[in-house]
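A look at the structure
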Amino acid sequence: MPLASRHLLGLEGMSKNDIQLILDTATSFREVLERPIKKVPTLQGKTIVNLFFESSTRTRTSFELAERRLSADVVNFSAESSSVRKGETLKDTARNIEMMKIDMVVMRHAAAGAAHFLSNVIGANIINAGDGAHEHPTQALLDMYTIREKFGKLEGLNVCIIGDIAHSRVALSNIYGLKTMGVTVSVCGPKTLIPKEIERLGVDVFYRVEDAIKVVDVLNVLRIQLERQNRPYFPSLREYRQYFGITRERLDKAERPITILHPGPVNRDVELSADVADSEHSLILQQVLNGVAVRMAVLYLLGTGK
Ligand code: CP
C-alpha cells in the first residue's frame, strides 16, 4: 500500500502502517549506503527543490545527499540569496519555482504551518523539513529508526524527551510518532519550558531529570534554543546544566544503560556533557547516518507513489 498522503507535513495522524513502511523502506536504503557505489536510479528524471528559509547543517545536507543518491536533479534555494530579501512572498516564490517544472519541494521555514500552506498553493509533493516550533517529521522518523535499530523494536520501550520542549518541533513529531508506535513517552525539563497541558498528548511529565533516568531506555536530549526564546526561561545556562544537564555522573546512577539521542546541533556541556556526547551511550552520529536512509525512503515513497 502507498503512503496515505502525497505530502509529508508531520507525524500527527500518520498511521502505524505508514510509519512502519517508511522505516522498513529505510532499511533497504541503509544497505545501499554501505555499497561502494551509493547510488540507485529510482528518482531519475525527477526534480527536487530544497527551499531553506532557516539555517541547517544536518537536514539540508542529508536531504541533498538522499536526493542525489536516488539520482534526482537537485536545486538548492537559500532565502538569503533569493528575492525573498526583496519582499517576495512564500506563495509567489513557490509558484515561480513550480513553473520551472519541479516535482518535489523540501522546505524548512520559521513559521509553523508553512509546509501545510505550501501544499495548498502548489502541486508538487511537499516534505516538511521543520516548520517553526511545530513539526520536524523526518527527524522523528530517523530517531525512531535509530531506536528500532538499537533495540530491535519500538513497542514497549520507554523514551523521555528532555529539554526545551516548548520551542521544539523535534519533540512534537517524536511524541506523535512514538506514541503511534506503542512507546511510553515522557518529557522532562524546567516548568517554564514544558507547554501547559502537554499531558493531553498522552505523555508523562518529569520536572527532575533523576526521576526520568530511573525509568527510561532512551533519553532524547534537546538543544536549548536560545534563538527562539524571547525572554529568559531559566536563570542561566550554568544552572540549566546543573539541574537538567545529562552528565556521566547522572547516567552512572541509572539502573540500566541509557541510550542517548540528540537531534543536533549539540550545545556541549549545556544540555549534554561533551564526554557523554562522545561516549558508548550516544547514538548521535548513527542518527545522522540513518537520516540519509530515512530521507531516501520518504523521497522514494512520495516520489514514486509506492
Ligand atoms: N537536527 C536538525 O534539524 O539539525 P539542522 O538544524 O542542522 O538541520
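Parameters at a glance
Residues numbered from 1 in each chain as written. Predicted model: local features only at pLDDT ≥ 70, side-chain atom pairs only at ≥ 80, totals over all residues. Heavy atoms only, no water. Salt bridge = Lys/Arg side-chain N within 4 Å of Asp/Glu carboxyl O. Helix = DSSP H or I, 4+ residues; strand = E, 2+ residues; numbered from the N terminus. Buried < 20%, exposed > 50% of the residue type's maximum accessible area, 1.4 Å probe, protein only. Pairing = 2+ DSSP bridges. Right-handed = clockwise from strand over helix to strand, strands pointing away. Axes fitted to C-alpha atoms, helices over the stretch in contact; angles between N-to-C directions. Parallel < 35°, antiparallel > 145°, perpendicular 65-115°, else oblique. Left-handed = near helix turned anticlockwise from the far one by under 90°. Contact = heavy atoms within 4.5 Å. Nonpolar A, V, L, I, M, F, W, Y, C, P; charged D, E, K, R; others polar. Near = heavy atom within 4 Å. Polar contact = N/O pair within 3.5 Å; in protein donor to acceptor, adjacent residues only side chain to side chain. Areas by Shrake-Rupley, 256 points an atom, 1.4 Å probe, with all protein chains shown as cover. Domains from an automatic or database assignment. Buried area = accessible area lost by both parts, 1.4 Å probe.

Comments concerning the pattern of salt bridges
Applying the stated criterion across every chain yields a total of 16 salt bridges. Taking the shortest distance from any N to any O, the salt bridge between Glu54 and Arg169 comes out at 3.1 Å. Here the residue Glu54 occupies a position in the loop between strand 1 (47-52) and helix 2 (58-69), and Arg169 occupies one in helix 6 (residues 169-180), the gap between them amounting to 115 residues. Neither residue differs from the other here; Glu54 and Arg169 are each classed as buried. Salt-bridge contacts for Arg200 lead to Glu197; the nearest nitrogen and oxygen are separated by 2.5 Å. Judged by its relative accessible area of 69%, Arg200 falls in the exposed class. Linked through salt bridges whose partners overlap, the residues forming this network are Arg208, Glu210, Asp211, Lys214 and Arg250.

Description of the pairing of strand 1
With respect to burial, strand 1 is a largely interior element, 6 of its 6 residues being buried. Every second residue of strand 1 is oriented toward a common face, with Thr47, Val49 and Leu51 on one face and Ile48, Asn50 and Phe52 on the other, all of them buried. Pairing geometry for strand 1 and strand 2 (residues 73-78), over 6 bridges, is parallel. Paired with Asn50 across the strands is Asn76, a residue of strand 2. Between the parallel elements strand 1 and strand 2, the chain passes through helix 2 in a crossover that is right-handed.

Focus: the packing of helix 5 (residues 137-151) against helix 6
Two elements in contact, helix 5 and helix 6, have axes whose closest approach is 8 Å; the angle formed by their N-to-C orientations is 55°. Taken together, the axes of helix 5 and helix 6 lie oblique to each other. The hand of the helix 5/helix 6 crossing is right-handed. Here Pro137, Gln139, Ala140, Asp143, Met144 and Ile147 of helix 5 come into contact with helix 6, specifically with Val170, Ser173, Asn174, Gly177 and Leu178. Among the residues making up the contact of helix 5 with helix 6, the classes are represented as 6 nonpolar, 4 polar and 1 charged.

Some words on the site of the ligand
The environment of the ligand is formed by Ser56, Thr57, Arg58, Thr59, Arg108, His136, Gln139, Pro263 and Gly264. Here an oxygen atom of the ligand and a side-chain polar atom of Ser56 are 2.6 Å apart. Within the side chain of Arg58, one N or O atom sits 2.9 Å away from an oxygen atom of the ligand. Within the complex, 91% of the 250 Å² of free accessible area of the ligand lies under protein. Split into classes, the residues belonging to the shell around the ligand amount to 1 nonpolar, 6 polar and 2 charged.

Describing the sheet that holds strand 2
For sheets, the rule is that strands pair by backbone hydrogen bonds, running either parallel or antiparallel. With parallel pairing, 4 strands are arranged side by side in an open sheet as 2-1-3-4. Each having just a single partner strand, strand 2 and strand 4 (125-131) make up the two edges of the open sheet. When strand polarity is set aside, the average angle formed by the axes of neighbouring strands in this sheet is 15°.

Some thoughts on unusual backbone geometry
At the junction of Gly264 and Pro265, the peptide bond is cis and its omega measures out at -5° in the coordinates. On the secondary structure map, Pro265 appears in the loop between strand 9 (259-261) and helix 10 (274-277). Backbone geometry at Ser71 places phi at a positive 70°, although glycine is not the residue there. Along the chain, Ser71 falls in the loop between helix 2 and strand 2. Taking relative accessible area as the criterion, Ser71 reaches 14% and is therefore assigned buried.

Description of the domain arrangement of the chain
Partitioning the chain into domains gives domain 1 (16-136 + 288-304) and domain 2 (137-283). Roughly 2300 Å² is buried in total at the junction of domain 1 and domain 2, and carbon and sulfur atoms are behind 57% of that figure. One can count 4 salt bridges joining domain 1 with domain 2. Remark: the boundary between domain 1 and domain 2 carries 14 residue pairs in polar contact (both at pLDDT 80 or more). Among the secondary structure elements, those contributing two or more residues to the side of domain 1 that touches domain 2 are helix 1 (16-32), helix 2, strand 3 (104-109), strand 4 and helix 11 (284-304). When residues in the side of domain 1 that touches domain 2 are grouped by element, the largest group, 9 residues, is from helix 1.

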